[in-house]
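This is what each chain is made of:
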Amino acid sequence: MKTLKINGIQHQLDVEDEMPLLWVLRDELGMTGTKFGCGIGQCGACTVQINGQAVRSCSFPVIAAVGADIKTIEGLSTDGKHPVQQAWLERSEERRVGKECRSRW
Ligand code: FES
């Protein structure tokens, strides 16, 4: 069992050590604000902050995040008004990103 602190909340998870943090966020916790793009650490769609540093979660094993302070786009503000959240929504509409992707930043 691993404990992850994400956006200030502790989560207990039973996942493999090498599972990418992105899959934990999206598939185990349903936090779909962090996106999948390339899956090889190139595009940045999966970027989160770990202890204040930008990290590509698609290529970051969950075991390396245990004990760290993880922040996702959902954690920037609870009302969705953080400038990054607003920019994501605006850009998603410009690029006509599917409704599913727009619904959560
Ligand atoms: Fe492209 Fe992670 S999905 S860098």
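In this text, all values refer to a predicted model and were calculated from it rather than measured experimentally.

*Asks:* In this structure, what is going on with the overall build of the protein? I would like to understand it.
*Replies:* Looking only at helices and strands, the protein features 3 helices and 5 strands. When the helices and strands of the protein are placed in sequence order, the string is β-β-α-β-β-β-α-α. Across the 105 residues that make up the protein, the buried fraction comes to 33%. Taking the intrachain contacts of the protein between residues at least 6 apart in sequence as the baseline, contacts between residues at least 24 apart amount to 42%. Approximately 6300 Å² of the protein is accessible, and the part contributed by carbon and sulfur atoms is 48%.

*Asks:* I would appreciate a short explanation of the pairing of strand E2 (residues 9–13) in the present structure.
*Replies:* The two faces of a sheet get side chains in turn, since along a regular strand they alternate between them. In this sheet, E2 lies alongside strand E1 (residues 2–6) in antiparallel orientation, the contact comprising 5 bridges. Bridging from a neighbouring strand, Lys2 pairs with Leu13 of E2. In this antiparallel pair of consecutive strands, E1 and E2, the connection spans 2 residues, and Asn7 shows a positive phi of 55 degrees.

*Asks:* Please explain the confidence of the model for the protein as it appears in this structure.
*Replies:* One rule of thumb: low pLDDT means the predicted coordinates there are not for detailed reading. Scored by pLDDT, the protein has a mean of 90; 90% of the residues are at 70 or more. Put simply, helix H3 (residues 99–102) is where the protein has its lowest mean pLDDT, 54, and strand E5 (residues 69–71) is where it has its highest, 98.

*Asks:* Please clarify how unusual backbone geometry should be interpreted in this entry.
*Replies:* The phi torsion of most residues other than glycine is negative, and most of the peptide bonds are trans. You will see that Asn7, though not glycine, has its phi angle at about 55 degrees, which is positive. Topologically, Asn7 is positioned in the loop between E1 and E2. Here Asn51, not a glycine, exhibits a phi torsion of approximately 50 degrees, which is positive. Given the relative accessible area of 52%, Asn51 is considered exposed.

Parameters at a glance
- Residues numbered from 1 in each chain as written.
- Predicted model: local features only at pLDDT ≥ 70, side-chain atom pairs only at ≥ 80, totals over all residues.
- Heavy atoms only, no water.
- Helix = DSSP H or I, 4+ residues; strand = E, 2+ residues; numbered from the N terminus.
- Buried < 20%, exposed > 50% of the residue type's maximum accessible area, 1.4 Å probe, protein only.
- Contact = heavy atoms within 4.5 Å.
- Areas by Shrake-Rupley, 256 points an atom, 1.4 Å probe, with all protein chains shown as cover.
- Pairing = 2+ DSSP bridges.
- pLDDT = per-residue confidence, 0-100.

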